[in-house]
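This is what each chain is made of:
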Amino acid sequence: MATAGGGSVADPGSRSLLRLLSFCVLLAGLCEGNSVERKIYIPLNKTAPCVRLLNATHQIGCQSSISGDTGVIHVVEKKEDLQWVLTDGPNPPYVVLLEGTLFTRDVMEKLKGRSGRIAGLAVSLAKPSPASGFSPSVQCPNDGFGIYSDSYGSQFAHCKAFQWNKVGDGLAYEDFSFPIFLLEDENETNVIKQCYRDHNLSPNGSAPAFPLCAMQLFSHMHAVVSTVTCMRRNLIQSSFTISPEVVCDPLSDFNVWSMLKPINTSRTLEPDDRVVVAATRLDSRSFFWNVAPGAESAVASFITQLAAAEALQKAPDVATLPRNVMFVFFQGETFDYIGSSRMVYDMEKGSFPVQLENIDSFVELGQVALRNSLELWMHTDPMSQKNETVLNQVEALLSTLEQSSAAVPTVVLRRLNQSQPLPPSSLQRFLRARNVSGVVLADHSDSFHNLYYQSIYDTAESINVTYPAGQSPEEDLNFVTDTAKALAGVATVLARTLYQLAGGASFRDTIQADPHTVTRLLYGFLVRANNSWFQSILRPDLRSYLGDGPLQHYIAVSSPTNATYVVQYALANLTGKVLDLTREQCQNPSQVPTENKDLYEYTWVQGPLNANETDRLPRCVRSTARLARALSPAFELEQWGSTEYSTWTESRWKDIRARIFLIASKELEFITLIVGFGILVFSLIVTYCINAKADVLFITPREPGSVSY
Amino acid sequence: MTAAVFFGCAFIAFGPALALYIFTIVTEPLRIIFLIIGAFFWLVSLLFSSLIWFTTATLIGNKDEPREKYLLIFGVLISVLVQEMFRFAYYKLLKRASEGLKIINPYEKAPSMRLLAYVSGLGFGIMSGVFSFVNTLSDSLGPGTVGIHGDPPQFFLNSAFMTLVITLLHVFWGIVFFDGCEKKKWYTLLVVLLSHLLVSALPRLVFLVCITAKLVMFLVPSGFCPTTLLRLHV
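Residues numbered from 1 in each chain as written. Chains lettered and ligands numbered in written order. Predicted model: local features only at pLDDT ≥ 70, side-chain atom pairs only at ≥ 80, totals over all residues. Heavy atoms only, no water.

Draft legend 1. Representation of the overall build of chain B in the model. Counting its secondary structure elements, chain B contains 7 helices and 0 strands. Order of helices (α) and strands (β) in chain B, N terminus to C terminus: α-α-α-α-α-α-α. Put simply, chain B has 234 residues, and 47% of those count as buried. As presented, chain B carries roughly 11600 Å² of accessible surface, and 74% of it is formed by carbon and sulfur atoms. (Helix = DSSP H or I, 4+ residues; strand = E, 2+ residues; numbered from the N terminus. Buried < 20%, exposed > 50% of the residue type's maximum accessible area, 1.4 Å probe, protein only. Areas by Shrake-Rupley, 256 points an atom, 1.4 Å probe, with all protein chains shown as cover.)

Draft legend 2. View of the confidence of the model for chain A. Within chain A, residue pLDDT values average 90, and 94% of them lie at 70 or more. Note that residues 20–32 of chain A has pLDDT below 50 and, in this model, 16 contacts with residues that lie over four places away or in other chains. (pLDDT = per-residue confidence, 0-100. Contact = heavy atoms within 4.5 Å.)

Draft legend 3. A look at the sheet that holds strand β20 (residues 619–623) of chain A. Residues and elements named next belong to chain A. Strand order in the open sheet formed by 3 strands is β18-β20-β19, with antiparallel pairing between adjacent strands. Unpaired on one side and paired on the other, β18 (577–579) and β19 (601–605) mark the two borders of the sheet. The sheet shows a mean angle of 35° between the axes of neighbouring strands, taken without regard to direction. Bridging between β19 and β20 involves 5 bridges; their strand directions are antiparallel. Bridging from a neighbouring strand, Y602 pairs with R622 of β20. Strand contacts of helix α16 (residues 562–575): β18, β19 and β20, with the helix running at about 100° to β19, the strand carrying the most contacts. (Pairing = 2+ DSSP bridges. Axes fitted to C-alpha atoms, helices over the stretch in contact; angles between N-to-C directions.)

Draft legend 4. Molecular detail of the environment of S472(A). Residue and element names in this part refer to chain A. Looking at where S472 falls in the secondary structure, it is placed in the loop between β17 (438–442) and α12 (473–478). Residue classification places S472 among the partly exposed positions, given a relative accessible area of 32%. Expressed as a C-alpha distance, the spacing of S472 and L374, which sit 98 residues apart in the sequence, is 31 Å.

Draft legend 5. Here's a closer look at helix α2 (residues 29–60) of chain B. The terminal C-alpha atoms of α2(B) lie 47 Å apart, and with 32 residues this matches the ideal 46 Å at 1.5 Å per residue to within 8%. Directly after α2(B), the chain includes G61(B), whose backbone phi takes a positive value near 90°. (Expected span 1.5 Å × (residues − 1).)

Draft legend 6. Structural detail: the packing of helix α4 (residues 113–140) of chain B against helix α5 (residues 155–182) of chain B. Residues and elements named next belong to chain B. Two elements in contact, α4 and α5, have axes separated by 7 Å at closest approach and are oriented at 160°. Here α4 is positioned roughly antiparallel relative to α5, judged by the angle of their axes. Viewed along their axes, α4 and α5 form a crossing whose handedness is right-handed. Each residue belonging to the contact of α4 with α5 can be placed in one class, and the counts come to 15 nonpolar, 13 polar and 4 charged. (Parallel < 35°, antiparallel > 145°, perpendicular 65-115°, else oblique. Left-handed = near helix turned anticlockwise from the far one by under 90°. Nonpolar A, V, L, I, M, F, W, Y, C, P; charged D, E, K, R; others polar.)

Draft legend 7. Representation of the sheet that holds strand β1 (residues 42–44) of chain A in the model. Residues and elements named next belong to chain A. What the 8 strands build is an open sheet, ordered β1-β23-β9-β5-β6-β7-β8-β2; its pairing is mixed. Two strands in the sheet have a free side with no partner beyond their single neighbour: β1 and β2 (47–49). The average angle at which neighbouring strand axes cross in this sheet is 30°, direction not considered. Both strand β5 (residues 69–76) and strand β6 (residues 94–98) contribute to a ladder of 5 bridges, which runs parallel. Bridge assignment links I73 to a residue of β6, and that residue is V95. Where helix α5 (residues 105–113) meets the sheet, it contacts β6, β7 (118–124) and β8 (180–183), and its direction lies at approximately 160° from that of β7.

Draft legend 8. Looking closely at unusual backbone geometry. All names here are of chain A. Following P92, the chain continues to P93 via a peptide bond in cis, the omega torsion being -5°. Look at the link from S559 to P560: it is a cis peptide, with omega at -15°. Examined against the element boundaries, P560 turns out to sit in the loop between α15 (532–537) and α16. The phi torsion at H158 lies on the positive side, around 55°, for a residue other than glycine. By the secondary structure assignment, H158 is in the loop between β7 and β8. Judged by its relative accessible area of 36%, H158 falls in the partly exposed class. Look at Q454: it is not a glycine, yet its phi comes out positive at around 55°. Assignment of secondary structure puts Q454 in the loop between β17 and α12.

Draft legend 9. Summary view of the state of the cysteines. All names here are of chain A. With the rule as written, the count across this model stands at 5 disulfides over all chains. Two residues, C50 and C62, share a disulfide whose sulfurs are 1.9 Å apart. Because the torsion about its S-S bond is 90°, the bridge between C50 and C62 counts as right-handed. With C50 in the loop between β2 and β3 (53–54) and C62 in the loop between β4 (59–60) and β5, this pair connects stretches of sequence that are 12 residues apart. A relative accessible area of 2% means that C50 is categorised as buried. With its sulfur 1.9 Å from that of its partner, C140 forms a disulfide with C159. (Disulfide = S-S within 2.5 Å.)

Draft legend 10. Layout of the environment of P49(A). Residues and elements named next belong to chain A. Considering the arrangement of structural elements, one finds P49 in strand β2. In the structure, P49 is positioned 470 residues away from T519 in sequence and 32 Å away in space, judged by C-alpha atoms. In contact with P49, not counting residues within four places along its chain, are I180, F181, F288, W289 and I656.

Draft legend 11. Representation of the UniProt feature "domain: Nicastrin small lobe" (unreviewed entry) in chain A within the structure. In the numbering used here, UniProt assigns the "domain: Nicastrin small lobe" (unreviewed entry) feature to residues 49–223 of chain A. As annotated, residues 49–223 of chain A comprises 17% helix and 22% strand, and the C-alpha atoms at either end are separated by 16 Å. (UniProt positions renumbered as here; feature names shortened; annotations may be inferred.)

Draft legend 12. Quick peek at the side chain of S632(A). Residue and element names in this part refer to chain A. Of note, S632 is situated in the loop between β21 (626–631) and α18 (633–636). Judged by its relative accessible area of 1%, S632 falls in the buried class. Ignoring any residue separated from it by four or fewer positions in sequence, one finds S632 in contact with I338, Y645 and S646.

Written out as structure tokens, the structure reads:
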């Protein structure tokens, strides 16, 4: 009877009750940012963490404990302040708020040595960038994955002659046991410093009084030891559990490539079809996750190549050139040549339409934005030139370059006068497979001119892309900076060289790269991605990929990244043709008899705003710009300990955040606990005593007639 | 502020209520049932008062500072009035129930009205304490303490003692209220109401929206619980 009574709730009533319940659950969820929590914590929203990356043998990066690391804040503005943290301070552990200029190797070595007293590190961005340079990358980038090894070109291996990245301190490749965060917003840094001044300072170096200002950093990483271990754990998880807990992901994305003349991508080229390859890299990195402005290390180079592709496409006799030209933008070159090693692997296996034997010559753009007195250096590989044929081909290549630059006054090409190794470049991976004749164009003759190679300071300012104050974003977009003109000069040289290498002759001197294109690309990639031009070249569903700041060029694990999409669509816009097709025809071009899906790629893009600025005029763009998978062959072949291919993976994590609050002394907490216990015991005793004597204490009146209740 | 503060404040706020429960309520199952029903009545009273507050707030609309403050004062007033109304309603229910209890158990002594007054007051007090303090208590588990925006750092201790006081006050109000109802001395009810208003007017913000939401989440299961328990006894 009870169950029947309990179960017979009226059905419509229960449904409305359920709706009320879910509404209130939603409300309660919204109330989770309740005001007591707001009284205690100040969350830090504009931070970037340092995450764990793993390769075949090591783990690099930072780790926090699973419930966050809490420490008393200490602001270190000069080296002497470190003593408090390392030895003198009475309330370890500390979270150090470090000035950006002090984020150097010796400070980090000291902090690493006393990691019992350090709970975490927060680095504030140095404004202006450190004058003497800052590069957390190693001095010999991508060592061991290029062509020079102990068995081949050993005099060039491991940068024995000179270090490419002189300023590099290798911090980004160290393993830290405490979390490190970057404070990107100056306002938040000031809030933290104010809290420190209010609570943590004490006169004469004595112990400061509680409550103290503290910071908690959460960045617990799931993967450990190396890629071999974490991929093995992934495999076990996915084989044996229904909902696997993957601990790490390989770094992967897409390479962007296009052909000057369209080719049938459903099959490989004939061996007689010769292709001239123009290559550059798309990505960079920094110490912190997803912060990779990469202005000089990557962006300037691929913008130059985009401008060269546009200039070359405009040549009148493109369709009749004897050889084809392939423009390729490699992703993941920062992490031991992920993109180029994958492309070489695909070419060898025949999964890519162009094969290694089709490659006629190879021109790569290294870092080109910081030229001294207009000089652009041509780097070649000394080891492959020991072969007579290759030597002659390279000689022809260099003389073609010099002829092309003769009519460009803003670029002076220089040969290197002694045999030097190639700088870290994708050409090295191609040379590992086959002796192609190739050249790398760079602004440096020996060490990099880039003082901020792969760091957070490699921004627009480091390559002198600055705009006059007081202009609107649209005016900034179209303002031609000097850097844009210089890069346009390099792009003109590159385009003319490619034209001549492809067999063209008549129109060489009419090919000119457009500085307006270069400046718009520089503005979009380095200053503000959400501008009218970028919006007009993207697909409608990718609109939200453009933020109000610069694009970041870290390869990441989910693909394609925002930057890859933008480069692909920019290439499509600059080298493609607008067709008069409807949206349905554009998305299904096989229905249109004149169009061929194997030769071209068709995309429906947003287009520019119309005259009233209310709507967009979308259009169909046909181009040869495509994406090719850039996942290291080590993961295809499941050779996770490979020393031949890149094995970089990124750990997974659940929660990354930072917050500041006050902490009370341990004595006060203990007193609270004792008081609580005391009250509990006292009330138990009193209640017991009163209850035992209740009939004595609470006498009920025995008068007759009164209601005894 | 960590586990020490969590347990310390929890014991301060709920220690006496726990002691009363262990020594006086747990021994008899009927007292437990009346306690839970009392708690349930308090929950329903808070639900109604917060619905009234919510509709008023929605009708008024815009959110400027003085209006927010008056709305809050109005909300507290309505909450106290409705709580006392439900206490009266519970008294009426218990009066009717005591007749039925005499029929069910003619051999056992029925609980006296004074005992029921005490149990109902304790029920109201425990539920009121839990609802006002559990949110704050859960925040005390984290590593931080109140104070970064300038609030007094003894926030947790103050709230714990306040909760303790309110719980015990509800017990006393229950006894006095039922006594006034039995002896038809209506000024006693006024005294209870006024003293309740006085205590609630102390600076302690009542977050009625959150409480409504959490309230309904508790309401559905705990609402069926005592009714089914009563049925089980039938």
